[in-house]
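Commentary on secondary and tertiary structure
In case you want the letters, here they are:
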Amino acid sequence: MLALLILGAAGAVVWARQRGIADELLRTEPDWILKNPALVREAVGIGRPQYQRHCQGCHGSALDGGARRGVPDLAGKTWLYGNDPVDVERTILYGIRSGHPKSRNVTDMPALVRSGQITSDDARDVVEFLRSLAGQPYDEAAGRRGHSVYYNKGNCFDCHANDAQGIAEYGAPALTGPSWLYGGDRATLYQSILNGRHGRCPAWVNVLTPLQIRALALFLVAGPRANAERN
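Residues numbered from 1 in each chain as written. Predicted model: local features only at pLDDT ≥ 70, side-chain atom pairs only at ≥ 80, totals over all residues. Heavy atoms only, no water.

Each helix and strand in the chain was counted, giving nine helices and zero strands. Within the chain, buried positions represent 40% of all 231 residues. Taking the contacts inside the chain whose residues are at least 6 apart along the sequence as the reference set, 60% of them involve residues at least 24 apart. Entry remark: accessible area of the chain is about 13,100 Å², with carbon and sulfur atoms responsible for 54%. (Helix = DSSP H or I, 4+ residues; strand = E, 2+ residues; numbered from the N terminus. Buried < 20%, exposed > 50% of the residue type's maximum accessible area, 1.4 Å probe, protein only. Contact = heavy atoms within 4.5 Å. Areas by Shrake-Rupley, 256 points an atom, 1.4 Å probe, with all protein chains shown as cover.)

Printed below as a string of structure tokens:
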């Protein structure tokens, strides 16, 4: 009986501690949590298993994604919708083009050639222009023509910005390298312009608890930020 009482008391202590941590993680602003190493450790401990169970299949064990499928690299500095923990939490909650009414779906990459907005030659010229921005070898004459297409006929700047650095509110990636969502070689860039891109991320609002979603967002943000600070 004494042993059972001790076990029960120990279990109650553990439960109370876990409940206290959960309450603190949910009521504290995420930016403040990131300034508290002890809370970050608790969040990572809760968030990492969720990543391994639900996200690793696409984004990889090292969070490095995969250009072949256009899966974003979550370990680097480039985030489609920004790496503020609140923004990341929203993406986890509602997804990207997930079908949820609150999903991120302002725009996607249209099939500019197939829709007839630009020609295949225009697309190849834009590719050379993008390579010039990325510091890669390019055809100068084609690059000049591509510059004109980018800012006029193609209307590319409207999503990717005047400086081609992308617009996080739209989820439009930078086009200046060295990080590329689908790859920065000529063939891949041309395919993106020809056929468009329509990447998706599921909504987890009805799968994970609020605590798990908060912890997962903090797990995703805390690691890359720590790496950036060390570098």
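Turning our eyes to something else, we now look at the nonpolar core. Ranked by size, the top nonpolar core spans 28 residues in total, and within it Leu25, Tyr51, Val88, Ile92, Leu216, Phe219 and Leu220 carry the most contacts. Listed by contribution, the elements that provide at least two residues to this core are helix H1 (2-27), helix H3 (37-59), helix H4 (85-94) and helix H9 (210-230). Sorting elements by how many residues they give to this core places H9 first, with nine residues. Leave out the neighbours within four places in its chain, and Leu25 touches Ile33, Leu39, Ala43, Ile46, Leu211, Arg214 and Leu218. Counting 18 residues, the second largest nonpolar core, distinct from the first, contains Leu112, Phe129, Leu130 and Val149. (Core = buried A, V, L, I, M, F, W, Y, C linked by side-chain atoms within 4.5 Å.)

Here the focus is the packing of helix H5 (residues 120-133) against helix H8 (residues 186-195). Two elements in contact, H5 and H8, have axes separated by 9 Å at closest approach and are oriented at 130 degrees. The angle between H5 and H8 falls in the class oblique. Between H5 and H8 the crossing geometry is right-handed. In this structure, H5 contributes Ser120, Ala123, Arg124, Val126, Val127, Glu128, Leu130 and Arg131 to the contact, and H8 contributes Arg186, Leu189, Tyr190 and Ile193. (Axes fitted to C-alpha atoms, helices over the stretch in contact; angles between N-to-C directions. Parallel < 35°, antiparallel > 145°, perpendicular 65-115°, else oblique. Left-handed = near helix turned anticlockwise from the far one by under 90°.)

Per the stated rule, a full pass over the model turns up five aromatic pairs. Taking the centre distance of 5.6 Å and the plane angle of 50 degrees together, the rings of Tyr51 and Phe219 count as tilted. You can see Tyr51 sitting in helix H3 and its partner Phe219 sitting in helix H9, a full 168 residues away along the chain. Using a relative accessible area of 1% as the deciding quantity, one classes Tyr51 as buried. Ring pairs connect the aromatic residues Phe129, Tyr150, Tyr151 and Phe157, which therefore count as one cluster. A cation sits over an aromatic face here: Arg124 above Tyr190, 4.6 Å from the ring centre. Across the ring face of Tyr182, the terminal group of Arg197 is positioned such that the distance to the ring centre comes to 4.1 Å. (Phe/Tyr/Trp six-rings, centres within 6.5 Å; stacked < 30°, edge-to-face > 60°. Lys NZ or Arg CZ within 6 Å of the ring centre and 35° of its normal.)

Before going further, it helps to spend a moment on the layout of surface pockets. The computed volume of the second largest pocket comes to approximately 250 Å³. What lines the second largest pocket is a set of 16 residues, and nearest its centre among them are Pro72, Asp73, Ser179, Trp180 and Leu181. (1 Å grid on protein atoms, 1.4 Å probe; cavity = no way out; pocket = protein on both sides within 12 Å on 5 of 7 lines; lining within 4 Å. Points joined across faces, edges and corners; volume = space filled by probe spheres on them.)

Let us look at the side chain of Asp125. Counting through the fold element by element, Asp125 comes out in helix H5. For Asp125, a relative accessible area of 9% corresponds to the buried category. For Asp125, the side chain forms a polar contact with the side chain of Arg145, separated by 2.9 Å. Ignoring anything within four residues of it in the chain, the contact list for Asp125 reads Ala142, Gly143, Arg145 and Gly146. (Polar contact = N/O pair within 3.5 Å; in protein donor to acceptor, adjacent residues only side chain to side chain.)

Moving on: the state of the cysteines. Taken as a whole and judged by the stated rule, the model has zero disulfides. Summary of cysteine pairing: Cys58 is not part of a disulfide, and the nearest cysteine sulfur, belonging to Cys201, is at 8.1 Å. (Disulfide = S-S within 2.5 Å.)

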